[in-house]
Amino acid sequence: MEVVCLNSEPVFDEADDYEGDCSFMDHDDEIGRTPSKKEPPLPTVGLEFESFDEAYDFYNIYAKEQGFGIRVSNSWFRSKRKERYRAKLSCSSAGFKQKSKANHPRPETRTGCPAMIVIRLVDSKRWRIVEVELEHNHRVSPDIKRFYKSHKKMILAAKKAQQLEPVTEMHTIKLYRTAAMDSVSNGYSNVDDREGISAVDHSKHLELKEGDANAVYNYFCRMKLTNPNFFYLMDLDDEGRLRNVFWADARSRAAYSYFCDTIVIDTTCLANKFEIPLISFVGVNHHGQSILLGCGFIGHESVEYFVWIFRAWLTCMLGSPPQVIVTDQSKALQNAVSLVFPGSRHCYCLWYIMQRIPEKLGGLKGFEAIKRQLTRAVYDSLKIAEFETSWRNMIEWHDLGDNKWLQTLYEDRQRWVPVYLKDIPFAGMIPIKENEGLTAFFDGYVHKHTSFKEFVDKYDLALQRKHLKEAMGDLESKNSSFELKTRCNFELQLSNIYTKDIFKKFQSEVEGMYSCFNTRQVNVNGPIVTYVVKERVEVEGSEKEVRCYEVLYETTQVDIRCICSLFNFKGYLCRHALNVLNYNGVEEIPSRYILLRWCKDFKRKYPLDHVTGDIDVNNVVQWYNHLYRGVIQVVEVGAQSEEHYKAALQGLEELLPKLNLIDNNLF
């Protein structure tokens, strides 16, 4: 059945969120309470109600006790019967009003607050809470005597009922517990079978429209026929419904054998509530370009489901885990990563977190000042003590000690704040400066309402364009001579080694050497010498300030490390380290600071036995991977010139008849 999403009309007029002080506050204890002395539970995923109105009243009563109003911000209807089957109940401060053209428009009262619940009709009988966000980005308190319009319905109902008969019970809301509520927080069910409740919530499966399942299955069948090393897995529940899907093509599997150091697990579509619950495994190639290492659809954001798809990916990659994994901030993701990749370093993506600042803090007084202090604490702190001081000052100056989101960020600071991550090689996968961004691999191909079928149709096009971009980068890196902008020998040295895009990034560091000054020795401890390099850096607007960077230099082995740790974050030396090397008369960058993964001939020189040293003679997948990488080397060398191309082509043409001859002898 086709489903459409419509903005519903709210229960009351949305022109005003509240009006005046509440003159009926004395009736709080009589309205919306059951005879039971037991307090109603908090809004929780899995809580069920007999009707939409009861679900609305439940959230409205909770909102009144907490000190905020609610409204129906979205409703979903079945197109033929106009029957509502899903709704989103939001804080009255959610979203923003359209700008009024009136001469004296009413002041903006909304803050883009994220607090909400999503309810859904299950089995055409009850309404179940399927999503919950309790945290607001503005102050809420029952002590604030505001009269919100959603509470007006309760007051009017109470007064009307009092006119008819004495009220002993205004309204009883029947609540039903489900397996989802009784599950532990990590997603695994611990429901006692004696209670008669299934341990698995079968509603957690992929919501496929007509034609989606066939499109996905037909795509997999077609790829398996044309691409023998295509890998896919499907996870079905006991009733045969699709819960999770994972797949990766041959190029993704081969790419991981080269670039297996750092990956990002992109869950942007899940965080933004897209129609397709897409999860992507993304790496970075020798040009610094994003490469796809597999993707899938996940039926529910829980540890159990994440574990399944992570294990599917690890199986696809022959059990070889990455060194570093970057994800969004999520307890479910954290628990799943620790279970499947216990030896990998797990970090949260700084950019994802910083993008949520307006949503989480936008309604606070002094938001701009808070944002500025938070940004400087995160991006500008060179030492842990500096970050701790800046964070503490921000919390104290703006009275943010009770902000739960900031509390969570601080508790997880060692997973996302750059000053705590300096020893981790990220290969440029995370932004470390305020002006750096992050682009999803399928950006431009997927939007909020892209269907499964539409995505499968666009998938090949997206990959073809990415592969073409990589091929063009290879061609430009091999056949182009790079323009040198300084007389520094470091620039000349790496212009012959790095790919074009990586060289340009390194070149900016060489040019940045000239913004550094006053390099001086401040301490000597045996062979280790400490230098301080000053640099003029741009801050807000066009203003500049001088910052000091400590650089450790080991004279016997020519080891060097800067406090900014650009080498670990990006994979090439920073301007401060280059200054110290130059100061000590070093003319060439030591080979340990020239990562092979950035070299223009990396794939050709990468040793075949690096990953697949021992080939299982009975494992077809390992045969394929080993042969594929061998052929890649032939392609890399064969594309260098016309003579190389002709020789490679002749060799391949001679090889195929030999393979066919083996087939003839077998039969």
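Our subject in this report is the structure included herewith. (Residues numbered from 1 in each chain as written. Predicted model: local features only at pLDDT ≥ 70, side-chain atom pairs only at ≥ 80, totals over all residues. Heavy atoms only, no water.)

**Quick look at helix α13 (residues 404-411)**
Step number 1: Within the sequence span of α13, burial applies to W405, L406 and L409. The buried residues of α13 occupy an angular sector of 95° when the element is viewed end-on, so they sit on one face. Exposed residues lying more than 90 degrees from the buried face of α13 are K404 and E411.
Step number 2: Those residues of α13 that are buried are in contact with α9 (350-355), α10 (357-361) and α12 (384-397).
Step number 3: Capping of α13 at its N-terminal end is provided by N403; its side-chain oxygen lies 3.2 Å from the backbone amide nitrogen of W405. (Buried < 20%, exposed > 50% of the residue type's maximum accessible area, 1.4 Å probe, protein only. Helix = DSSP H or I, 4+ residues; strand = E, 2+ residues; numbered from the N terminus. Arc of directions from axis to C-beta. Contact = heavy atoms within 4.5 Å. Polar contact = N/O pair within 3.5 Å; in protein donor to acceptor, adjacent residues only side chain to side chain.)

**Let's talk about the pattern of salt bridges**
Step number 1: Summed over the entire model, instances satisfying the criterion amount to 29 salt bridges.
Step number 2: The partner of K273 in a salt bridge is E131, with the nearest N and O atoms 3.2 Å apart. Of this pair, K273 sits in the loop between α6 (268-271) and β12 (278-284) while E131 sits in strand β7 (residues 126-133); the two residues are 142 residues apart in sequence, bridging distant segments of the chain.
Step number 3: Overall, K273 belongs to the partly exposed group, its relative accessible area being 43%.
Step number 4: Residue classification places E131 among the buried residues on the basis of a relative accessible area of 17%.
Step number 5: Put simply, E436 and K570 hold a salt bridge, and the shortest N to O gap is 3.3 Å. Of this pair, E436 sits in the loop between α13 and α14 (452-479) while K570 sits in helix α17 (residues 566-570), and the two are 134 residues apart along the sequence.
Step number 6: Judged by relative accessible area, E436 falls into the partly exposed class, the value being 24%.
Step number 7: Through salt bridges with shared partners, a single network forms among R86, E131, K273 and E301. (Salt bridge = Lys/Arg side-chain N within 4 Å of Asp/Glu carboxyl O.)

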